[in-house]
Structure formats: structure tokens, C-alpha cells
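Below are the chains, spelled out letter by letter.
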Amino acid sequence: MFGQNCNVIAEDEFFMSVALEEATKAASLKEVPVGAVVVCDKKLIARGKNEREEMQTPTAHAEMLALQAAASFQKSWRLEECTLYVTLEPCIMCVGAILQARIRRLVFGCLDPKAGAVRSLYRLCEDTRLNHQLDVAHGILESDCAGILAEFFSCLRETKRAVKERRGGRARLKALDSKSSVP
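Quick caveat: nothing in here was measured; it's all calculated off a predicted structure.

Chemist: Lay out the sheet that holds strand 3 (residues 82-88) with the relevant residues and their values.
Modeler: Strand order in the open sheet formed by 5 strands is 2-1-3-4-5, and the pairing between neighbours is mixed. Whereas interior strands pair on both sides, the edge strands pair on one side only; in this sheet they are strand 2 (43-49) and strand 5 (135-138). The sheet shows a mean angle of 15° between the axes of neighbouring strands, taken without regard to direction. When strand 1 (residues 35-40) meets strand 2, the two strands line up antiparallel, connected through 6 bridges. Its bridge partner lying in strand 2, A36 is registered against G48. Contacting strand 1, strand 2 and strand 3, helix 3 (residues 62-74) crosses the sheet at an angle of about 140° to strand 2.

Chemist: Quick rundown of the packing of aromatic side chains? Include the residues and the values.
Modeler: Counting across every chain of the model gives 3 aromatic pairs. When the centroid spacing of 5.0 Å and the interplanar angle of 75° are considered together, the rings of F14 and F15 count as edge-to-face. Overall, the relative accessible area of 49% leaves F14 in the partly exposed class. Residue classification places F15 among the buried residues on the basis of a relative accessible area of 6%. Through pairs of rings, three or more aromatic residues link up here, namely F14, F15 and Y85.

Chemist: How would you explain the side chain of R102 if you had to name every residue and give the values?
Modeler: Within the secondary structure, R102 is located in the loop between helix 4 (92-100) and strand 4 (105-110). With no salt bridge to any partner, buried R102 finds its closest opposite charge in E80, at an N-O distance of 5.5 Å. Engagement of the side chain of R102 in a polar contact is seen with the backbone oxygen of Q100, the distance being 3.0 Å. The contact partners of R102, leaving out residues within four places of it in the chain, are W77, R78, L79, E80, N131 and H132.

Chemist: Could you give an account of a nonpolar patch on the surface, naming the residues involved and the relevant values?
Modeler: A cluster of nonpolar residues, I92, L121 and Y122, forms a patch on the protein surface that exposes about 290 Å² of accessible area. Mapped onto the fold, I92 is located in helix 4.

Chemist: Give a detailed account of helix 3, specifying residues and quantitative values.
Modeler: With 13 residues, helix 3 should cover 18 Å at 1.5 Å per step; its first-to-last C-alpha distance of 18 Å lies within 8% of that length. Restricting attention to buried positions, one finds in helix 3 the residues A62, E63, M64, L65, A66, L67 and A70. Buried residues belonging to helix 3 abut strand 1, strand 2, helix 2 (52-55), strand 3 and helix 4.

Chemist: So, the side chain of E31: which residues are in play, and what are the values?
Modeler: Summarising the element assignment, E31 is placed in the loop between helix 1 (2-28) and strand 1. Despite being buried, E31 has no salt bridge partner; R52 is the closest side chain of opposite charge, sitting 5.8 Å away. Separated by 3.1 Å, the side chain of E31 and the backbone nitrogen of R52 make a polar contact. Within polar-contact distance, the side chain of E31 engages the backbone nitrogen of E54 at 2.7 Å. Residues contacting E31, with those up to four places away along its chain left out, are A26, N50, E51, R52, E53, E54 and F152.

So, how was this worked out
- Residues numbered from 1 in each chain as written.
- Predicted model: local features only at pLDDT ≥ 70, side-chain atom pairs only at ≥ 80, totals over all residues.
- Heavy atoms only, no water.
- Pairing = 2+ DSSP bridges.
- Helix = DSSP H or I, 4+ residues; strand = E, 2+ residues; numbered from the N terminus.
- Axes fitted to C-alpha atoms, helices over the stretch in contact; angles between N-to-C directions.
- Contact = heavy atoms within 4.5 Å.
- Phe/Tyr/Trp six-rings, centres within 6.5 Å; stacked < 30°, edge-to-face > 60°.
- Buried < 20%, exposed > 50% of the residue type's maximum accessible area, 1.4 Å probe, protein only.
- Lys, Arg positive; Asp, Glu negative; His and termini not counted.
- Salt bridge = Lys/Arg side-chain N within 4 Å of Asp/Glu carboxyl O.
- Polar contact = N/O pair within 3.5 Å; in protein donor to acceptor, adjacent residues only side chain to side chain.
- Patch = residues over 30% accessible without salt bridge, like charges linked within 9 Å, V, L, I, M, F, W, Y side chains within 5 Å.
- Areas by Shrake-Rupley, 256 points an atom, 1.4 Å probe, with all protein chains shown as cover.
- Expected span 1.5 Å × (residues − 1).

By themselves, these are just geometric observations and shouldn't be taken as functional.
Take a look at the structure:
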């Protein structure tokens, strides 16, 4: 039993590291760095990364794109034998798609206290009122998953702060310039 559990953890860490590669690709494109992969019979069948900015659609979350690619690969919307790995706890929209796809197992890296629908705000994957429930594991490579998000948002805040300061500096210069040109 113990050896089997170690194999599952090693497998989860491996596939989460692949999802982190997708998150890194998203960050390089100035997208929120979330990555997802779908695995069936221990084989990677689909990848996804956030592409909302690129595609200009609110549904282009990593999970949604990975599920679409997996359904296309399997030639079926039913992904009953598949596991979805995602770096960030899925939102309500993504959990809805996960449930509709009949995903067998969900593994995610870090919690999302502002939008998480698996553990943080809601517990939709275990809601018995719905027609599907699934196994969930979380905390796999949690610090790596949280770290890439923290770094991204820190850089974003710094960029916004710098732009604001530049605009403020230009406004002060214009004000000073207009005062000095008044006779």
C-alpha cells in the first residue's frame, strides 16, 4: 500500500511539473500563469495554458483548453478515465466543465482564495446534488505553483506602479511648464 501511494505521488508531481511548464509559457505571453494537462492511462493526451488575452475570450482558461484538446484527442466529450492536473484551483466555470466531462480525478497545485470552486470558496467536486463527483488531490508542487503566480502578479503591480509614476511625473512637468509660460 505504501509503495503504491509513493508511485501516485511521484506520478502526480511529474504531471504537475508538466502543467507548470504550460504555466511558464503562459507567463511568457503575459497571461496569468496557469497550466493544465490531461492524462489518461498514465499518458499525457492534452495540454492547456491560459490564453484569455491572446484569444480575447473569458473562457480561455488553461483547464477549458486542455479539456477541449483531450475531448478532441479521445473523440469523445466523456473523459471518464482521465485525470486533470492544473496549477491553480479551478474556478466555477472550469469545475462545471470538469464535471460535465466526467473527469475521474482532479489534481491541483495551489488554492485560489478569490475564485476557487473546489476547496476555497465552494466544494463543487463533492456536491452530491450534482450528477458527478470526483476524487481531488491538492497541494502537489504547491509552492512552485503559488510562486509562479506570486512572481507574475508582483511584476504586474510593479509595471503598473512604474506607469503610474511616469504619468504622474509627466503631469507635474506639464503643470510646471504651463505655470512658467504664463506672463
